[in-house]
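If you want the building blocks of each chain, they are given just below.
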Amino acid sequence: MNDYSQDYEEALDAFLIWMKDAGYTTYTQRSYLGDVNEFLEALGGKSLESVKKFHVVSYLSSVRERGVSDATRNRKHASVSCFFKALIELELHNVNPALDIKKSKTDKNRAPVYLDESEMVRFFSAVEGKHRDRNLAIFLLMAYMGLRVGEVHTLNLSDFNSERRSLSVFGKGRKWRTVPVPESVCPVLERAVNERLEPKRNKEDAMFISQKGRRLSIRSIQQAASETFERFQMDVPPLQRTPYSSHKLRHSFATMLLRKGADLRTVQELLGHSSIQTTTVYTHITSREKEEAMSRLTIELPSFSLNGQVNEENKDEMISQQI
């Protein structure tokens with residue numbers, strides 16, 4: 001990369017400016033820049049002007065060979081494609097070699113991991129520490145209002161209307177949605193806001209503040225959830241523990257709503273999905289529910305003996321029915 005470091009530096013600076021102007025979160029900016037830097041390193045000093053589709057496919061193949069998931073491979077593809085898109089829009093490049101490359105097929109039919117309502121109660125009981133009220137409010141926003149971890153991160157004090165019990169959420173695609181705050185969640189959220197840590201900047205409007213006085217990072221939220229899930233499963237042998245994460249609370253929210261008869265379109269709106277197809281992944285059914293459904297069937301059959309012959313006591317009745 002040494003011969004072309006100046007070219008890459010200009011392109012990377014331009015990409016960062018483009019993402020900031022487009023409203024990408026700092027978390028997404030870091031994620032995309034990390035992927036793009038990895039791609040540029042894989043080029044081995046090749047100029048951007050000479051990059052072809054082959055080079056992008058070669059990079060993605062090497063990523064897959066490292067054993068990453070299909071979802072991660074697709075994200076890296078999206079990062080590189082977004083990079084070239086930005087350069088084209090800023091008139092620093094002419095073509096996007098990452099276009100028209102097929103995505104890896106992910107298992108769309110796999111049911112999401114989620115907590116049922118009884119497990120949710122035990123999870124909230126596992127929330128501990130000096131920031132318990134803050135973290136409890138955060139987990140409630142995800143588990144009973146369906147917020148993404150990034151949406152919790154970007155929440156401001158002005159987004160919460162306690163009188164109307166509503167929350168304005170800035171979601172994916174730079175779209176706003178209004179989510180009602182459940183009556184039982186409202187006092188917890190109000191307490192977290194009232195006990196909010198003192199921010200370093202006077203005009204900091206972030207709803208959740210870290211111990212360092214800054215907006216609470218996505219990583220910190222994920223870490224708090226990870227520690228709580230670890231306590232939640234303390235009695236479970238390590239090899240039998242479910243791989244829970246903060247996002248599983250959002251899965252739980254969607255699952256609970258649909259099981260209580262909520263309309264799919266309503267759940268789509270509450271989750272902030274642009275397509276209802278994304279929401280249908282939550283319509284999974286458990287084995288227990290399948291068994292309960294099957295048990296409701298009433299099946300009437302004639303009595304048979306073990307050797308397959310009709311029992312004598314039912315024989316006359318069957319003959320009379322045939323006549």
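Scope of this entry: the structure provided in the associated data block. These figures come from a predicted structure and were not determined experimentally. (Residues numbered from 1 in each chain as written. Predicted model: local features only at pLDDT ≥ 70, side-chain atom pairs only at ≥ 80, totals over all residues. Heavy atoms only, no water.)

## Points about helix H4 (residues 70–89)
Link 1 in the chain: The end-to-end C-alpha separation of H4 is 28 Å, in line with the 28 Å expected for 20 residues at 1.5 Å each.
Link 2 in the chain: Along H4, the positions that sit buried rather than exposed are Arg73, Asn74, Lys76, His77, Ser79, Val80, Ser81, Cys82, Phe83, Phe84, Ala86 and Leu87.
Link 3 in the chain: Glu91 occupies a position one or two residues after H4 and carries a positive phi of about 60 degrees. (Helix = DSSP H or I, 4+ residues; strand = E, 2+ residues; numbered from the N terminus. Expected span 1.5 Å × (residues − 1). Buried < 20%, exposed > 50% of the residue type's maximum accessible area, 1.4 Å probe, protein only.)

## What to know about the nonpolar core
Link 1 in the chain: If you look at the biggest cluster of nonpolar residues, it comprises 48 residues, and the most contacted ones within it are Phe124, Phe139, Leu141, Leu167, Phe208 and Leu249.
Link 2 in the chain: Per-element accounting of this core gives the leading share, 8 residues, to helix H6 (residues 132–143).
Link 3 in the chain: Setting aside chain neighbours within four positions, we find Leu141 in contact with Gly146, Leu147, Val152, Leu155, Leu167, Leu189 and Phe208.
Link 4 in the chain: Of all hydrophobic cores here, the second largest spans 27 residues; its members include Tyr8, Leu33, Tyr59 and Cys82. (Core = buried A, V, L, I, M, F, W, Y, C linked by side-chain atoms within 4.5 Å. Contact = heavy atoms within 4.5 Å.)

## Here's the deal with helix H10 (residues 247–259)
Every α-helix winds through 3.6 residues per turn, so residues three or four apart in the chain are directed the same way.
Link 1 in the chain: The terminal C-alpha atoms of H10, which comprises 13 residues, lie 19 Å apart, in line with the 18 Å expected from a rise of 1.5 Å per residue.
Link 2 in the chain: What H10 keeps buried is the set Lys248, Leu249, Arg250, His251, Ser252, Phe253, Ala254, Thr255, Met256 and Leu258.
Link 3 in the chain: Residues of H10 that are buried in the fold lie against helix H5 (117–125), H6, strand S3 (176–180), helix H9 (218–232) and helix H11 (264–271).
Link 4 in the chain: Two residues or fewer past H10, Gly261 is found with a positive phi of approximately 90 degrees.

## Brief notes about the pattern of salt bridges
Link 1 in the chain: Summed over the entire model, instances satisfying the criterion amount to 13 salt bridges.
Link 2 in the chain: Of the charged contacts in the structure, one is a salt bridge between Arg215 and Glu204, with a shortest N-O distance of 3.6 Å. Remark: Glu204 occurs in the loop between helix H8 (186–194) and H9 and Arg215 occurs in the loop between H8 and H9; sequence separation between them is 11 residues.
Link 3 in the chain: Residue classification places Arg215 among the partly exposed positions, given a relative accessible area of 25%.
Link 4 in the chain: Through salt bridges with shared partners, a single ionic network connects Asp35, Glu38, Arg66, Arg75 and Lys76. (Salt bridge = Lys/Arg side-chain N within 4 Å of Asp/Glu carboxyl O.)

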